[in-house]
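# Survey of secondary and tertiary structure
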Amino acid sequence: QAVSSPGPLEPSFPAASLCPSADRRKRGASSGMGLQPQLPSNCFASTEEALQHRQLGGWVTIVVAQGGKACLRPYNAFEWIFAMLLTTLAVMATVTSVCVAFISLRRMLRRCRKGSRIKDARRLKDAPPISAVIPCYLPNEQYIIEETVDWIMREVESPGPLEVLVVYNTPRDLPEIEARLKEMELEAWPEGRSFRALRVTESRSKAANLNAALRDIQDPFVVIYDADHHPDSDSLLL
């Protein structure tokens, strides 16, 4: 029986193996159909969405831009230090504001009480007399003592009779200023006020002058001024 010889055999391979690059493209296209790219868990499509996911109200994370996305990351060391510095400054500013408010309120209350006391002092009748003592070392203070006495006599209010006593010591005679002090004793001062000058010959200090004045004073109230002191006009009414 005659058998016909087969023709040349052709290799049989899958069509896909003939074009591997095309096959990979097809597989990639088929596997990616209908899927959206996944974002990292700490990244979001918009800044508003990222802000909604901040932990602890944004105290521990910050929103940064990465590849066109809004991502959350924790603060670094420098940012923590800066945040602590700002917090410290805020606390200090708050404490300062509270202190300033307290001081201002206290001053307002003191002014109210002060005004009440001044009004009461001005309404006093038969107020007791007051002696104002000015101890001084005359060689050093001879050029300012007259101005101080004149200020107290004319500018300072007193609820009752007022006498000003200059008690001084000097290592040598000072004829001009001592004569002027004697003249001031005879002046007609406002509101019947009186002035006296007393030299303490044995004194070597203002403290000794003051002790000598206190031995000489009979008034129930005594106020002491320095030789260059210009007291407030209502200081004796308080």
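Up top is the structure.
Everything in this summary refers to the structure shown in the same document. Numbering of residues starts from 1 in every chain and runs along the sequence as written. A pLDDT threshold of at least 70 governs which residues receive local features in this predicted model, and a stricter bar of 80 or more applies before side-chain atom pairs are shown or counted, although totals over entire chains, interfaces and linings include all residues. Excluding hydrogens and water, the side-chain figures rest on all heavy atoms present in the structure.

### Observations concerning the nonpolar core
Here, the term nonpolar core denotes a set of buried Ala, Val, Leu, Ile, Met, Phe, Trp, Tyr and Cys residues that are joined through side-chain atoms within 4.5 Å. For the exposure calls, accessible area comes from a 1.4 Å probe over protein chains only, and a residue counts as buried if that area is under 20% of its type's maximum, exposed if over 50%, partly exposed in between. Ranked by size, the top nonpolar core spans 25 residues in total, and within it Ile134, Ile145 and Phe195 carry the most contacts. Starting at the N terminus, helices and strands are each numbered in turn, a helix being any DSSP run of H or I of at least four residues and a strand any DSSP run of E of at least two. The set of elements that each furnish at least two residues to this core consists of strand S4 (130–137), helix H6 (145–155), strand S5 (162–169), helix H7 (175–185) and strand S6 (194–199). Ranked by size, the runner-up nonpolar core spans eight residues in total, among them Val133, Leu165, Val167 and Val200.

### Details of the state of the cysteines
Two cysteine sulfurs form a disulfide in these notes if their separation is within 2.5 Å. Under the definition given, this model contains one disulfide. For Cys43, the disulfide goes to Cys71, at an S-S distance of 1.9 Å. Residues Cys43 and Cys71 share a disulfide whose torsion about the S-S bond is about 105°; that sign makes it right-handed. One end of the pair, Cys43, is in strand S1 (residues 43–44); the other, Cys71, is in strand S3 (residues 69–74), with 28 residues separating them in the sequence. Taken as a pair, Cys43 and Cys71 share a single burial class, namely buried.

### Topic: the pattern of salt bridges
The term salt bridge refers to a side-chain nitrogen of Lys or Arg lying within 4 Å of a carboxyl oxygen of Asp or Glu. Evaluation of the coordinates by the stated rule reveals 12 salt bridges. A salt bridge links Arg193 to Glu191; the shortest N-O distance between them is 3.3 Å. Residue classification places Arg193 among the buried positions, given a relative accessible area of 7%. Given the relative accessible area of 68%, Glu191 is considered exposed.

### Brief notes about the pairing of S5
The element S5 is largely enclosed, with a buried count of eight among its eight residues. Where burial is concerned, the two faces of S5 agree: the one with Leu162, Val164, Val166 and Tyr168 and the one with Glu163, Leu165, Val167 and Asn169 are both buried. As paired strands, S4 and S5 are joined by eight bridges and run parallel to one another. Looking at the pairing, Ala132 lines up with Val164 of S5. The rule for pairing is simple: two strands pair if DSSP sees at least two bridges between them. When S5 meets S6, the two strands line up parallel, connected through six bridges. Bridge pairing in S6 places Glu163 opposite Ser194. A clockwise course of the path from the first strand over the helix to the second, judged with the strands pointing away from the viewer, identifies a crossover as right-handed. In this fold, S5 hands off to H7, which returns the chain to S6; that crossover is right-handed.

### Brief notes about a nonpolar patch on the surface
On the surface, Phe78, Phe82, Leu85, Leu86, Leu89 and Met92 cluster together into a nonpolar patch covering about 650 Å² of accessible area. Turning to its location among the elements, Met92 is positioned in helix H4 (residues 77–122). Nonpolar side chains (Val, Leu, Ile, Met, Phe, Trp, Tyr) are joined into patches within 5 Å and like charges within 9 Å, using only residues with over 30% relative accessible area and no salt bridge. Accessible surface is estimated by sampling points in the Shrake-Rupley manner with a 1.4 Å probe; for residues, cover comes only from the protein chains shown.

### Considering the side chain of Glu79
Position of Glu79 among the secondary structure elements: in helix H4. Reaching out from Glu79, the side chain makes a polar contact with the side chain of Arg73 at a distance of 3.0 Å. The contact criterion used throughout is that any non-hydrogen atoms of two residues lie within 4.5 Å. Every residue in contact with Glu79, bar those within four places of it in the chain, is listed here: Ile62, Arg73 and Pro74. A 3.5 Å cut-off defines polar contacts: any pair of N or O atoms within that distance qualifies, except that in protein one atom must be a possible hydrogen donor and the other a possible acceptor, and neighbouring residues in sequence count only when both atoms are side-chain atoms.

### Comments concerning the environment of Val133
Checked against the element boundaries, Val133 lands in strand S4. By relative accessible area, which is 0% here, Val133 ends up buried. Placed 90 residues apart in sequence, Val133 and Val223 show a C-alpha to C-alpha distance of 6.2 Å. The contacts of Val133, once residues within four sequence positions are left out, are Leu165, Val167, Leu210, Ala213, Ile217, Val222, Val223, Ile224 and Tyr225.

### Concerning unusual backbone geometry
The phi dihedral of Glu191 falls on the positive side, at around 60°, and the residue is not glycine. Along the chain, the position of Glu191 falls in the loop between H7 and S6.

### Brief notes about the pairing of S4
Most of S4 is tucked away, with seven of its eight residues classed as buried. As paired strands, S4 and strand S7 (residues 221–224) are joined by four bridges and run parallel to one another. The partner of Ser131 across the bridge, within S7, is Val222.

### A short note on the environment of Arg54
Tracing the sequence through the fold places Arg54 in the loop between helix H3 (47–52) and strand S2 (61–66). When its relative accessible area of 23% is taken as the criterion, Arg54 is described as partly exposed. When residues no more than four places from it in sequence are discounted, the contact partners of Arg54 are Thr61, Ile62, Val63, Leu72 and Tyr75.

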